[in-house]
Amino acid sequence: MFHDLPEALRARMAELEAIDARDRTDGTPHRRRLRQVPPETGRFLALLAAAAPAGAIVEVGTSAGYSTLWLALAARASGRTVTTFEVLPEKVALARETFARAGVEDVVRLVEGDARDRVAGLDAVGFAFLDAEKGAYPALYEALLPRLVPGGLLAADNVLSHAEALGPFVDRVLGDRRVDAVVVPIGKGVLLARRPGARATAGGAEPPAAGAGKA
Ligand SMILES: C[S@@+](CC[C@H](N)C(=O)[O-])C[C@H]1O[C@@H](n2cnc3c(N)ncnc32)[C@H](O)[C@@H]1O
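Residues numbered from 1 in each chain as written. Predicted model: local features only at pLDDT ≥ 70, side-chain atom pairs only at ≥ 80, totals over all residues.

Asker: How do you make sense of the site of the ligand when you look at a structure like this?
Answerer: Among the 20 residues in the neighbourhood of the ligand, the closest are listed as G61, S63, Y66, S67 and A132. Elements represented by at least two residues in the shell around the ligand include exactly α3 (66–78) and β2 (82–86). Residues that form the shell around the ligand fall into these classes: nine nonpolar, four polar and seven charged. (Near = placed C-beta within 6 Å. Helix = DSSP H or I, 4+ residues; strand = E, 2+ residues; numbered from the N terminus. Nonpolar A, V, L, I, M, F, W, Y, C, P; charged D, E, K, R; others polar.)

Structure, rendered in structure tokens:
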């Protein structure tokens, strides 16, 4: 996925990385800042999404579409699509520009509006990524969890950078018997939860051990 990135996609990623870095130092107001995941988190999300069981890839919090580009790589690699939700019209416009310029419109569906009103319409989610306002995480988690397929994954960003605001949510998920969860110290801290239920290997059977069947 990460080798030989299409030039148009690589160029838009680099442009958004530069805007995001500038935003963080030049006093750009919070609402206008892109507030993107760092590249290592993007790569991590792409690997998780590509390895997740069959089902849609869903993102809440598109901004200008930087993390969506990483998820689009996973979508291409695994033959699925990304549905991404963004509430601010100015961010929707930027994201549309990103997807057109990066050439990923065929694998990305951008939904405008508050995801809390819209995730109920989803089903069979293989991978979900939460990167929205922190106060919305508990409601979004509860709405998305029943929509995860068995073995489906949910990742939530900023759990270390916003440890105080997200602490109660993280504790609740870590103690939630409906999932297995862990905090991964990558980037700004990713809470990763898996809904149990799927067998570990395709077809539901373990591959034969090396040498099995030999006398
Ligand atoms: C941290 S930024 C997302 C950054 C993006 N994931 C990336 O890494 O490139 C959060 C975005 O979520 C959007 N947002 C916040 N709450 C939302 C909600 N309830 N539904 C949809 N979008 C939301 C904000 O407008 C903002 O653009």
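So that's the structure; there's more coming.
Asker: How should the sheet that holds strand β5 (residues 148–156) be read in this particular structure?
Answerer: Sheet strands pair by backbone hydrogen bonding; their relative direction is either parallel or antiparallel. Reading across from one edge, β3-β2-β1-β4-β5-β7-β6 is the order of the seven strands in this open sheet, with mixed pairing throughout. Two strands close off the open sheet at either side, each with one partner strand: β3 (108–112) and β6 (180–184). When strand polarity is set aside, the average angle formed by the axes of neighbouring strands in this sheet is 15 degrees. The sheet strands contacting helix α4 (residues 89–102) are β2 and β3, and the helix crosses β3 at an angle near 170 degrees. (Pairing = 2+ DSSP bridges. Axes fitted to C-alpha atoms, helices over the stretch in contact; angles between N-to-C directions. Contact = placed C-beta atoms within 7 Å.)

Asker: Looking at this model, I keep getting lost on the nonpolar core. Mind explaining?
Answerer: General note: in soluble globular proteins, nonpolar side chains tend to be found buried as a group. Counting 54 residues, the largest nonpolar core has A49, I57, L71, F127, A128, L140 and A155 as the members making the most contacts within it. The biggest single contributor to this core is α3, with eight residues. Apart from the residues within four sequence positions on either side, A49 is in contact with I57, L71, A74 and F127. (Core = buried A, V, L, I, M, F, W, Y, C linked by C-beta atoms within 7 Å. Buried ≥ 20, exposed ≤ 12 C-beta atoms within 10 Å, placed from the backbone.)

Asker: What's the story with the packing of helix α1 (residues 7–23) against α4 in this structure? I'm lost.
Answerer: Pairs of packed helices are described in terms of their axes, by the angle between the two and the distance that separates them. Viewed as axis vectors pointing N to C, α1 and α4 meet at an angle of 145 degrees, and their least axial separation amounts to 8 Å. For the pair α1 and α4, contact is made by A8, L9, R12 and L16 and by T98, R101 and A102, respectively. Per-class residue counts for the contact of α1 with α4 are four nonpolar, one polar and two charged.

Asker: Help me understand the environment of T62, please; the structure alone is not making it clear to me.
Answerer: Mapped onto the fold, T62 is located in the loop between β1 (56–60) and α3. Overall, the presence of 29 C-beta atoms within 10 Å leaves T62 in the buried class. For the pair T62 and K91, spaced 29 residues apart in sequence, the C-alpha separation works out to 7.6 Å. For T62, the residues in contact, after removing those within four places along its chain, are T68, T84, F85, E86, K91, A95 and L110.

Asker: Would you explain α3 in this entry?
Answerer: An α-helix turns once every 3.6 residues. As a result, residues three or four positions apart point the same way. Over its 13 residues, α3 runs 19 Å from end to end, which matches the ideal 18 Å to within 8%, given 1.5 Å per residue. All of the buried residues in α3 are Y66, S67, T68, L69, W70, L71, A72, L73, A74 and A75. (Expected span 1.5 Å × (residues − 1).)

Asker: Please clarify how the pairing of β1 should be interpreted in this entry.
Answerer: Two faces, one strand: in a regular strand the side chains alternate between the faces of the sheet. Burial analysis of β1 places five of its five residues in the buried class, which makes it a mostly covered element. Here β1 shows no split at all, with A56, V58 and V60 on one side and I57 and E59 on the other all buried. As paired strands, β1 and strand β4 (residues 125–130) are joined by five bridges and run parallel to one another. Within β4, the position partnered with V60 by the bridge is L130. Pairing geometry for β1 and β2, over four bridges, is parallel.

Asker: Explain the pairing of β6 here, please?
Answerer: Alignment of β6 against strand β7 (residues 190–194), held across five bridges, turns out to be antiparallel. Residue pairing for β7: V183 is matched across the bridge by L191. Once β6 ends, the chain turns through five residues before running back antiparallel as β7, passing G187 with a positive phi of about 55 degrees.

Asker: Explanation requested: the confidence of the model for the chain in the structure shown.
Answerer: Close inspection of predicted coordinates is inappropriate in any region flagged by low pLDDT. Averaged over every residue, the pLDDT of the chain is 92; residues scoring 70 or more account for 92%. As scored by the predictor, the complex reaches a pTM of 0.92 and an ipTM of 0.99. (pLDDT = per-residue confidence, 0-100.)

Asker: Mind showing me how you'd approach unusual backbone geometry here?
Answerer: Backbone geometry follows two general trends: most residues other than glycine have a negative phi, and most peptide bonds adopt the trans configuration. Of note, D4 is a non-glycine position whose phi angle comes to about 55 degrees, a positive value. Relative to the helices and strands, D4 is located in the segment before α1.

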